[in-house]
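# Notes for the structure review
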Amino acid sequence: MNDIIETIREKDPGEREFHQAVTEVLESVKPVLDRNPEYRRAAVLERIVEPERVIIFRVPWMDNEGQVHVNRGFRVEMNSAIGPYKGGLRFHPSVKLSIMKFLAFEQVFKNSLTTLGMGGAKGGSDFNPKGRSDHEIMRFCQSFMTELFRYIGPHTDIPAGDIGVGAREIGYLFGMYKKLKNEFTGVLTGKSLNWGGSLVRPEATGYGCVYFAAEMLATRNENLENKTCLVSGSGNVAQYTSEKIIHLGGRVVTLSDSSGYIYDEQGLDQDKLEYVKHLKNIKRGRIEQYAEKYPESLYFQADPLLDHNPLWNHKADCVFPCAFENEIQQKDAQNLISNGVRLVCEGANMPATLEAADIFMNSNILYGPSKAANAGGVAVSGLEMAQNSMRLNWPAEEVNNRLKIIMQSIHQTCLEAAEEYGEPGNYVAGANIAGFVKVVNAMLDQGLV
Ligand code: NDP
Ligand code: 2IT
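Reading the values: rules and limits
Going along each chain's sequence as written, the residues are numbered from 1 onward. Chains carry letters from A onward and ligands carry numbers from 1 onward, assigned in written order. With the structure being a predicted model, the display of local features is reserved for residues of pLDDT at least 70 and the display and counting of side-chain atom pairs for 80 or more, all residues being used for whole-chain, interface and lining totals. Excluding hydrogens and water, the side-chain figures rest on all heavy atoms present in the structure. The rule is simple: put a 1 Å grid over the protein atoms alone, call a set of points where a 1.4 Å probe fits but cannot get out a cavity, call an open set with protein on both sides within 12 Å along at least five of seven lines a pocket, and count a residue as lining if it has an atom within 4 Å of a point. Grid points are joined across faces, edges and corners, and a volume is the space filled by probe spheres set on the points. For this document, the term salt bridge refers to a Lys or Arg side-chain nitrogen within 4 Å of an Asp or Glu carboxyl oxygen. Near is defined per residue: the residue qualifies when any heavy atom it owns lies within 4 Å of the molecule or strand. In the analysis that follows, any N or O atom pair within 3.5 Å is treated as a polar contact, provided that within protein one partner can donate a hydrogen and the other can accept it, and provided that, for residues neighboring in sequence, both atoms belong to side chains. Methods summary: accessible areas were calculated by the Shrake-Rupley approach with a probe of 1.4 Å, and residue burial reflects only the protein chains presented. In this text, helices come from DSSP runs of H or I with a minimum length of four residues, and strands from runs of E with a minimum of two, each type numbered from the N-terminal end. Side-chain classes are defined by residue name, with Ala, Val, Leu, Ile, Met, Phe, Trp, Tyr, Cys and Pro counting as nonpolar, Asp, Glu, Lys and Arg as charged, and the others, Gly among them, as polar. Residues are treated as being in contact if the distance between any of their heavy atoms lies within 4.5 Å. Excluding any residue in a salt bridge, patches collect residues exceeding 30% relative accessible area, merging like charges within 9 Å and nonpolar Val, Leu, Ile, Met, Phe, Trp and Tyr side chains within 5 Å. Fitting a line to C-alpha atoms yields each axis, with helices limited to the stretch in contact; the angle taken between N-to-C directions then spans 0 to 180 degrees. By the definition adopted for this analysis, an angle is roughly parallel if under 35 degrees, roughly antiparallel if over 145, roughly perpendicular if from 65 to 115, and oblique otherwise. Take the far helix as the reference: if the near one is turned anticlockwise from it by less than a right angle, the crossing is left-handed, and if turned clockwise, right-handed. Between 30 and 60 degrees the pair is tilted, below 30 it is stacked and above 60 it is edge-to-face, where a pair is any two Phe, Tyr or Trp rings, Trp via its six-membered ring, whose centres lie within 6.5 Å. Only protein chains enter the accessibility calculation, which uses a 1.4 Å probe; a residue whose area is less than 20% of its type maximum is buried, one above 50% is exposed, and one in between is partly exposed. Counted as over-ring charges are cases with an Arg CZ or a Lys NZ within 6 Å of the ring centre that also lie within 35 degrees of the ring normal. Nonpolar core, defined: a set of buried Ala, Val, Leu, Ile, Met, Phe, Trp, Tyr and Cys residues in which side-chain atoms within 4.5 Å join the residues together. Two strands are counted as paired when DSSP detects at least two bridges linking them.

## Things to note about the layout of surface pockets
Of the volumes computed, that of the second largest pocket is approximately 350 Å³. Around the second largest pocket, the lining comprises 16 residues; the ones closest to its centre are Thr-185, Gly-186, Met-385, Asn-388 and Ser-389.

Laid out in structure tokens, this is it:
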């Protein structure tokens, strides 16, 4: 096990985030390998950490002033043992191969947990959409798809959104794919409703995350009512995580973006949340404006010199990181535990560093790792694909019920796998083991390919 981690460190020394994701999974699945020597003989670990295919391409585009820019596009097709490649696209200046590989790797196990047949992939670009006009976004998306279209398809690889990619970008990407292929197919998910999208897909990641949290709390005869909750981020996942917490009677007191965070002691209600949705999704403004609109709240500007994030200093019962990888560091985790937090449920992908995750796992709190807790988004993407294949649209209630059942099933699967391998109540071990076993068994069935 250590040899494999060492090898990937030596082979690709700069890929810190990828090493982190691999280390967490490999540590969890050690007992599975001990119990199943055929996995070692078939070198499943060596195979599962190597992407099936990596595509890197040039994305040239022109801004409104006629200036030419060149960005880098990626698609990491990690594993297709249990279905076509599936996973989001991220547009953010921090995008590089290590980030794409970690996200694609996580996606393999997450998709496996959903109960649906989807392999794992991730893609995106180091393009920064902030401050760009709709026309610039459209030209960028068109250029990106002009290359990506060769490698994707409704039975091959089905991208979706992630940070910086929402309904607007999916629309432009889809339009160019359709033009190039002369085909109207379900090649992307997260489409708008009137041309193939699914009801509840925008809500799915956040709602699913809170359904997962509710399942965890129920194991201790608790629920979200009157619980004080810290939510980070203010994008898609943060908005709908907050909405479901509010539905279930919880009190959301924080939201953030990369510039800072707001603290509203009274908690958000639906009206305040609608303001946030409009501010972020339509006006593309900053969370700072929330504190101007609601003077009872406070705004704290991010301080890059601090070794911790003060958002995680606030006292709360439940914590939902919904912004970015490694946003909870060791010191943040210590602060949360000393302030008496009872549940951490991850909406963002890998929001806790390895050290922070260890602190959560070694305490008595309920800790729901991202690959289980945020699987609701890709699960409803899978339901969107099913509806596209049938050329039917399910009503919101049906999609939401299916989402709830899938999140309950993921929760149960994690607990059972953790119990079977001597880690009762450890959702990290359970998610990694259950996700892993399904994929490697499929790999063994399909021979050495
Ligand atoms: P959005 O682009 O809608 O929102 C991202 C949010 O995170 C914004 O509020 C953004 O603020 C904030 N953010 C970005 N960078 C930082 C940073 N360095 N520090 C603090 N905040 C930051 O993305 P999503 O809501 O879709 O994604 C959020 C997380 O959820 C990601 O980890 C993503 O991978 C994960 N996820 C998303 C799914 C989906 O279906 N969309 C599914 C499963 C997981 P700003 O405006 O300043 O950039
Ligand atoms: O991280 C994720 O699971 C996503 N960004 C959603 C992927 C998808 O295909 O819906």
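Additional details are given in the paragraphs that follow.
## Section: the pattern of salt bridges
As enumerated under the stated definition, the model contains 31 salt bridges in all. In this structure, Glu-147 and Arg-150 form a salt bridge, with 3.4 Å as the shortest nitrogen-oxygen distance. Connected through shared salt-bridge partners, Arg-90, Lys-122, Asp-162 and Glu-325 make up one network.

## Things to note about the site of ligand 2
Neighbouring ligand 2 are 14 residues; Lys-86, Lys-110, Asp-162, Arg-201 and Ser-381 lie closest to it. For ligand 2, an oxygen atom lies 2.7 Å from a polar atom in the side chain of Lys-86. Side-chain polar atom of Lys-110 to an oxygen atom of ligand 2: 2.7 Å apart, as the coordinates give it. Burial of ligand 2 by the protein chains amounts to 94% of its free accessible area of 290 Å². Among the secondary structure elements, those contributing two or more residues to the shell around ligand 2 are strand 3 (85–91), helix 5 (97–113) and helix 15 (376–390). Looking at side-chain class alone, the shell around ligand 2 contains 2 nonpolar, 7 polar and 5 charged residues.

## Examining the environment of Val-210
Tracing the chain through its elements places Val-210 in helix 8 (residues 201–218). Excluding its chain neighbours within four sequence positions, the residues that come into contact with Val-210 are Leu-224, Thr-241, Lys-244, Ile-245, Leu-248 and Phe-320.

## Considering a nonpolar patch on the surface
A cluster of nonpolar side chains, Met-62, Val-68 and Val-70, forms an exposed patch at the surface whose accessible area comes to about 280 Å². Note that Val-68 resides in strand 2 (residues 68–79).

## Section: empty space enclosed by the protein
Scanning all chains against the criterion turns up 1 cavity of 30 Å³ or more. When its volume is computed, the largest cavity comes out at roughly 70 Å³. Forming the walls of the largest cavity are 13 residues, and the residues nearest its centre are Glu-24, Glu-346, Met-350, Ala-352 and Tyr-367. Elements represented by at least two residues in the lining of the largest cavity include exactly helix 2 (16–35), helix 13 (354–361) and helix 14 (370–373).

## Quick look at the packing of helix 15 against helix 16 (residues 396–420)
One can describe the packing of helix 15 onto helix 16 by two numbers: an axis separation of 10 Å at closest approach and a directional angle of 135 degrees. As the angle between them shows, helix 15 and helix 16 are arranged oblique. Seen along the crossing, helix 15 lies across helix 16 with a hand that is right-handed. Only Val-399, Arg-402, Leu-403, Ile-406 and Met-407 of helix 16 make contact with helix 15, whose side of the interface consists of Gly-376, Ala-379, Val-380, Leu-383 and Gln-387. Grouping the constituent residues of the contact of helix 15 with helix 16 by class yields 7 nonpolar, 2 polar and 1 charged.

## Describing the packing of aromatic side chains
For the structure shown, the criterion picks out 21 aromatic pairs. For the ring pair Phe-91 and Phe-127, a centre distance of 6.0 Å and an interplane angle of 85 degrees mean the geometry is edge-to-face. In this pair, Phe-91 is assigned in strand 3 and Phe-127 in the loop between strand 4 (120–125) and helix 6 (134–148), connecting sequence segments 36 residues apart. Taken individually, Phe-91 and Phe-127 each receive the classification buried, so the pair is uniform in this respect. Between Phe-91 and Phe-144 the ring centres are 5.4 Å apart and the planes differ by 70 degrees, which places this aromatic pair in the edge-to-face class. Linking Phe-91 in strand 3 with Phe-144 in helix 6, this pair joins segments that are 53 residues apart in sequence. In this structure Phe-144 comes out as buried when scored by relative accessible area, which is 0%. Counting every residue linked through ring pairs, the aromatic cluster contains Phe-57, Trp-61, Phe-91, Phe-127, Phe-140 and Phe-144. The ring of Tyr-207 is capped by Lys-244, whose NZ or CZ atom sits 4.4 Å from the centre of that ring.

## As for the packing of helix 2 against helix 5
One can describe the packing of helix 2 onto helix 5 by two numbers: an axis separation of 6 Å at closest approach and a directional angle of 25 degrees. Comparing their axes, helix 5 and helix 2 come out roughly parallel. Within the contact between the two elements, helix 2 uses Arg-16, Glu-17, Phe-18, Ala-21, Val-22 and Val-25 and helix 5 uses Ser-98, Ile-99, Lys-101, Phe-102, Phe-105, Glu-106 and Phe-109.

## Observations concerning the site of ligand 1
Close contacts around ligand 1 come from 26 residues, with Asp-162, Thr-205, Ser-258, Arg-286 and Asn-349 the closest. The separation between an oxygen atom of ligand 1 and a polar main-chain atom of Gly-164 is 3.0 Å. Arg-201 places a polar side-chain atom, nitrogen or oxygen, 2.9 Å from an oxygen atom of ligand 1. Relative to its unbound accessible surface of 890 Å², ligand 1 loses 83% to contact with the protein. Those elements that provide at least two residues to the shell around ligand 1 are helix 8, helix 9 (236–247) and strand 7 (251–257). Broken down by class, the residue content of the shell around ligand 1 amounts to 6 nonpolar, 12 polar and 8 charged.

## Details of the nonpolar core
Counting residues in hydrophobic clusters, the biggest one holds 95 residues, and the most contacted among them are Phe-105, Phe-320 and Phe-436. Top contributing element to this core by residue count: helix 17 (residues 427–445), with 10 residues. Beyond its immediate chain neighbours, meaning those up to four positions away, Phe-320 contacts Cys-209, Val-210, Ala-213, Leu-224, Cys-229, Leu-230, Val-231, Ser-232, Thr-241, Ile-245, Leu-343 and Cys-345. One finds Phe-57, Phe-149, Tyr-177 and Val-187 within the second-largest nonpolar core, a separate group that totals 23 residues.

## Side note on the pairing of strand 5 (residues 157–160)
The two faces of strand 5 match: Asp-157 and Pro-159 on one face and Ile-158 and Ala-160 on the other face are all buried. Bridge count between strand 3 and strand 5: 4 bridges; the pairing is parallel. Note on strand 5: the bridge partner recorded for Lys-86 is Ile-158.

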